[in-house]
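Overview (structure and organization)
What follows is the residue order along each chain.
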Amino acid sequence: MIDYGKITIPRRARHCFHGQEPFTSGAEYVSLIIEEPKDLIRQDYCMECWNHVQSQLPSKIYWKAKLPEKSEGNPEELSHNEKVFALLRESDDVTTCFVLALYLARKKKLILRQDLEEAMIYEVPETEEMIVVKKVDLSLLEETKVQQSIADLLK
């Protein structure tokens, strides 16, 4: 059994794995994960190359994405989201991490890349960082306690 909290997915490359063209702002691409015995290998393809090589590749773990356009955000909102990101990275509590990841995904600060049986893999579009979060059954949560716990941690 894989401990999803220990998975490290490499960052997105700056160029296409097959054609070597650099990725540009707003471009669509496909990221492919190849599982090696002790490692994960990431290969990123532009859409044109992906259409040519997709049927020849062994892995079933891949996702399509688009590079973010640079935009100015509300500084107050950004500082709050930065606090949430920091808490997500620092927290050891599975429930807290799961709820924060859902919040950030709803705010479009995280993008769901793979929904596995026991975990979800998200990407931070600005930094291309991959975050693995274990799943929690939402029906079992005591929402007021979770809300209060997260509010206390964000103060």
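Look a little higher up for the structure.
We now turn to the structure provided with this report. (Residues numbered from 1 in each chain as written. Predicted model: local features only at pLDDT ≥ 70, side-chain atom pairs only at ≥ 80, totals over all residues. Heavy atoms only, no water.)

1. Concerning the nonpolar core
In this structure, Ile9, Cys16, Phe23 and Tyr45 are the most contacted members of the largest nonpolar core, which totals 19 residues. Those elements that provide at least two residues to this core are β1 (28-36), β2 (39-46), α1 (47-53) and β3 (61-66). Per-element tally for this core: the top contributor is β1, with 5 residues. (Core = buried A, V, L, I, M, F, W, Y, C linked by side-chain atoms within 4.5 Å. Buried < 20%, exposed > 50% of the residue type's maximum accessible area, 1.4 Å probe, protein only. Helix = DSSP H or I, 4+ residues; strand = E, 2+ residues; numbered from the N terminus.)

2. Some thoughts on unusual backbone geometry
Positive phi is not limited to glycine here, since glutamine 20 has a value of about 70°. Topologically, glutamine 20 is positioned in the segment before β1. Backbone geometry at lysine 108 places phi at a positive 65°, although glycine is not the residue there. Its location among the elements puts lysine 108 in the loop between α3 (94-106) and β4 (111-115). The class for lysine 108 is exposed, based on a relative accessible area of 67%.

3. Re the pattern of salt bridges
With the rule as written, the count across this model stands at 5 salt bridges. Among the ionic pairs, glutamate 123 bridges to arginine 42, the shortest N-O distance being 3.7 Å. With glutamate 123 in strand β5 (residues 119-124) and arginine 42 in strand β2, the pair connects residues that are 81 residues apart, well separated along the chain. One exposure class covers both glutamate 123 and arginine 42, and it is buried. Bridged by salt links that share partners, the residues Arg42, Asp44, Arg113 and Glu123 form one connected network. (Salt bridge = Lys/Arg side-chain N within 4 Å of Asp/Glu carboxyl O.)

4. Quick look at the environment of isoleucine 41
Residue placement: isoleucine 41 occurs in strand β2. Distance in space between the C-alpha atoms of isoleucine 41 and isoleucine 9 is 7.6 Å, their sequence separation being 32 residues. Setting aside anything within four residues of it in sequence, one finds isoleucine 41 in contact with Leu32, Ile33, Ile34 and Glu36. (Contact = heavy atoms within 4.5 Å.)

5. Here's the deal with the side chain of glutamine 43
With respect to the helices, strands and loops of the structure, glutamine 43 is situated in strand β2. Polar side-chain contacts of glutamine 43 include one of 2.6 Å to the side chain of tyrosine 45. Those residues within four positions of glutamine 43 in sequence are excluded, and the remaining contacts are Phe17, Val30, Ser31, Leu32 and Ile34. (Polar contact = N/O pair within 3.5 Å; in protein donor to acceptor, adjacent residues only side chain to side chain.)

6. Notes on α3
For α3, built from 13 residues, the straight-helix expectation of 18 Å at 1.5 Å per residue is met to within 8% by its first-to-last C-alpha distance of 18 Å. Along α3, the positions that sit buried rather than exposed are Thr95, Thr96, Cys97, Phe98, Leu100, Ala101 and Leu104. Once α3 finishes, lysine 108 follows within two positions and takes phi at roughly 65°, a positive value. (Expected span 1.5 Å × (residues − 1).)

7. Considering the sheet that holds β1
The strand order across the open sheet built from 3 strands is β2-β1-β3, with neighbouring strands paired in antiparallel fashion. Unpaired on one side and paired on the other, β2 and β3 mark the two borders of the sheet. Ignoring which end each strand starts from, the neighbouring axes of this sheet average 25° apart. Summarising the sheet, β1 and β2 pair through 8 bridges and their orientation is antiparallel. Paired with leucine 32 across the strands is glutamine 43, a residue of β2. (Pairing = 2+ DSSP bridges. Axes fitted to C-alpha atoms, helices over the stretch in contact; angles between N-to-C directions.)

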